[in-house]
Amino acid sequence: MEPGTARIAVDLLGGDDAPAVVVDGALRAVRADPDLHLLLIGPTEVAAGVLDALTPVQRTRITVRPTRTAAGSTDHAPRADSTVRAAVSAVRDGAADALVSAGSTGATVSAAALGFGRWDDVRHPALVATLPAVSGPVVLLDVGGSLEPRPATLAQHAVLGAAYAAVAHAVAAPRVGLLSVGTEAGKGDRPRRAADPLLATTPLPCDARYVGLVEGYDVALGVRADVVVTDGFTGNVLLKAIEGAYAMAGGPPASGGAPRAAALLGVAGTVVVCHGAAAPADVASGIALAAHLWRRRATDRVRELLAPARDPVPPGDEAGAAVCG
């Protein structure tokens, strides 16, 4: 576990089975990480369920911000008094370093984009999940941040995915593939056919290289690509299908250990989204991922890597360049 204090705002009311699973997940996270501090966003009686189950020393790492309104599943513009908006405000105001929610993905993405602002050169933020493939972790994006399948969006997400794989997971020279229905050039629908040659000429950070089209089984095997790019609709369906297959098989591959949550890239803050049907272990994994990303300055470093991907580093300014890995 990486050292350093991490203060994570947790949406207690986000998720299908909230608040019970969120409370359980928060307890697991606090007990596993002695440098973790939580800001619990939700009703005081729910937060008390966490405090009462901890030791006096552990309770010193818990703060509560009372909020009683959850963002609904159709709230793409959540109310200002919702738990997810309060979590965004806590990070923006410096009371927390990152936030975790298992609530509505649309509401979380909207609240983060509104509260933090988007990166100037990223029109569509992306949710990035890391899957425990047979040959090692595979970064999959987008998995639901945006349903936009335009070629330019797919190319932008390839840059984000390459930088994230290098920064968050220390993948050297990431191999980037575009998900399609075959590996031969010309395969796929119109956006994929247009995106393939575009990705082949798109500068990628961290010595990443585009390996061409990949298929669904490449995501689970991890042999051909470390980063797989697709649109948010397809990525979300694929992610849940793989999770279901893991459940049928008794769990992920032995090389597992990948976080069971997704990071949001493209907004000026560290945000982690858990599955709405998350179990306590999934919530704890999401909190651990948020702490990991904060401690590695992952969001800032990925943002810094976007400029070198567009423009070469001026001679003599190599020391100011963002570092991969």
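Given the structure is predicted, the values throughout are model-derived calculations rather than measurements. (Residues numbered from 1 in each chain as written. Predicted model: local features only at pLDDT ≥ 70, side-chain atom pairs only at ≥ 80, totals over all residues. Heavy atoms only, no water.)

Sorry if this is basic, but what is going on with the side chain of R295 here?
With respect to the secondary-structure elements, R295 resides in helix 10 (residues 280-295). A polar atom in the side chain of R295 sits 2.6 Å from the backbone oxygen of G4. (Helix = DSSP H or I, 4+ residues; strand = E, 2+ residues; numbered from the N terminus. Polar contact = N/O pair within 3.5 Å; in protein donor to acceptor, adjacent residues only side chain to side chain.)

Please explain the sheet that holds strand 6 (residues 136-141) as it appears in this structure.
Ordered in space as 3-2-1-4-11-10-5-6-9-7-8, the 11 strands form an open sheet in which the pairing is mixed. Strands at the two margins of the open sheet, each flanked by one partner only, are strand 3 (62-66) and strand 8 (209-214). With direction set aside, neighbouring strand axes in the sheet form an average angle of 25°. One ladder, built from 5 bridges, connects strand 2 (residues 36-42) with strand 3; its direction is parallel. (Pairing = 2+ DSSP bridges. Axes fitted to C-alpha atoms, helices over the stretch in contact; angles between N-to-C directions.)

Whenever I open this one, the packing of helix 4 (residues 83-92) against helix 5 (residues 105-116) confuses me. Can you help?
Packed helices, taken two at a time, are described by the angle their axes make and the gap between the axes. The geometry of helix 4 relative to helix 5 is characterised by a closest axis approach of 9 Å and an angle of 35° between their N-to-C directions. With respect to the hand of their crossing, helix 4 and helix 5 are arranged in right-handed fashion. Facing helix 4, whose interface residues are V84, R85, V88, V91 and R92, helix 5 presents A107, T108, A111, A112, L114, G115 and F116. Across the contact of helix 4 with helix 5, the residue classes break down as 8 nonpolar, 2 polar and 2 charged. (Left-handed = near helix turned anticlockwise from the far one by under 90°. Contact = heavy atoms within 4.5 Å. Nonpolar A, V, L, I, M, F, W, Y, C, P; charged D, E, K, R; others polar.)

How should the pairing of strand 11 (residues 270-273) be read in this particular structure?
Here is the key point about a regular strand: its side chains alternate between the two faces of the sheet. Both faces of strand 11 are covered, namely the face carrying T270 and V272 and the face carrying V271 and V273. Of the strand pairs in this sheet, strand 4 (residues 98-101) and strand 11 are connected by 4 bridges, and their pairing is parallel. Considered in strand 11, the bridge of S101 is made with V273. Linking two consecutive strands that pair antiparallel, namely strand 10 (residues 262-265) and strand 11, is a turn of 4 residues; a positive phi of about 115° is found at G266 within it. (Buried < 20%, exposed > 50% of the residue type's maximum accessible area, 1.4 Å probe, protein only.)

Is there a simple way to think about helix 6 (residues 151-169) in this case?
Helical periodicity: at 3.6 residues per turn, an α-helix aligns residues three or four positions apart in one direction. Its 19 residues place the ends of helix 6 26 Å apart at the C-alpha level, agreeing with the 27 Å of an ideal helix rising 1.5 Å per residue. Taking burial as the measure, the 19 residues of helix 6 include 15 buried ones, the bulk of the element. At the exit of helix 6 stands A170, carrying a positive phi of roughly 55°. (Expected span 1.5 Å × (residues − 1).)

So what exactly am I meant to see when it comes to helix 5 here?
Taking 1.5 Å of rise per residue, the 12 residues of helix 5 would be expected to cover 16 Å, and the 16 Å separating its terminal C-alpha atoms lies within 8% of that figure. Burial analysis of helix 5 places 9 of its 12 residues in the buried class, which makes it a mostly covered element. What helix 5 keeps buried is the set G106, A107, T108, V109, A111, A112, A113, G115 and F116. At its buried positions, helix 5 is contacted by helix 4, strand 4, strand 10 and strand 11.

Just checking my understanding: could you explain the nonpolar core for this structure?
One recurring pattern in soluble globular proteins: nonpolar side chains tend to sit buried together. Judged by nonpolar contacts, the single largest core of 69 residues is most densely connected at I8, L38, L160, Y164 and I287. It is helix 6 that provides the largest number of residues to this core, a total of 12 residues. If sequence neighbours within four positions are ignored, L160 has contacts with W119, V122, A126, L141, L265, V302 and L306. In this structure, I41, A111, V219 and A262 belong to the second largest nonpolar core, which totals 37 residues. (Core = buried A, V, L, I, M, F, W, Y, C linked by side-chain atoms within 4.5 Å.)

Would you take a moment to explain a nonpolar patch on the surface for this structure?
A contiguous nonpolar patch, built from V134, Y217, L221 and V223 and spanning about 380 Å² of accessible area, is present on the exposed surface. Tracing the backbone shows V223 in the loop between helix 8 (216-221) and strand 9 (227-229). (Patch = residues over 30% accessible without salt bridge, like charges linked within 9 Å, V, L, I, M, F, W, Y side chains within 5 Å. Areas by Shrake-Rupley, 256 points an atom, 1.4 Å probe, with all protein chains shown as cover. Salt bridge = Lys/Arg side-chain N within 4 Å of Asp/Glu carboxyl O.)

How should I be thinking about empty space enclosed by the protein in this particular structure?
Inspection of every chain in the model, using the stated rule, returns 1 cavity of 30 Å³ or more. The space that makes up the largest cavity amounts to roughly 30 Å³. Along its surface, the largest cavity is lined by V10, D11, V22, V100, S101, A102, C274 and V283. Those elements that place two or more of their residues in the lining of the largest cavity are strand 1 (6-11) and strand 4. Class assignment for the residues of the lining of the largest cavity results in 6 nonpolar, 1 polar and 1 charged. (1 Å grid on protein atoms, 1.4 Å probe; cavity = no way out; pocket = protein on both sides within 12 Å on 5 of 7 lines; lining within 4 Å. Points joined across faces, edges and corners; volume = space filled by probe spheres on them.)

Where do I start with the confidence of the model for the chain in this structure?
Close inspection of predicted coordinates is inappropriate in any region flagged by low pLDDT. On average, residues of the chain score 86 in pLDDT, and 89% of them are at 70 or above. Contacts of residues 316-320 to residues separated by more than four positions or lying in other chains number 1 contact, the stretch itself having pLDDT below 50. (pLDDT = per-residue confidence, 0-100.)

Got a minute to help me understand unusual backbone geometry in this structure?
Most peptide bonds adopt trans geometry, and most residues besides glycine take a negative phi value. Note the cis peptide between L141 and D142, where omega equals 0°. Positive phi values are uncommon outside glycine, yet C206 reaches one of about 60°. The class of C206 is buried, set by a relative accessible area of 11%. In this structure, R297 takes a positive phi of about 55° despite not being glycine.

Looking at this structure, I do not really get the state of the cysteines. What am I missing?
Any covalent bond linking the sulfur atoms of two cysteines counts as a disulfide. Following the criterion strictly, the structure yields 1 disulfide and no others. The residue that forms a disulfide with C206 is C324, at a sulfur-sulfur distance of 1.9 Å. In this structure the cystine formed by C206 and C324 twists about its S-S bond by roughly -85°; its chirality is therefore left-handed. Linking C206 in the loop between helix 7 (190-200) and strand 8 with C324 in the segment after helix 11 (298-310), this pair joins segments that are 118 residues apart in sequence. (Disulfide = S-S within 2.5 Å.)

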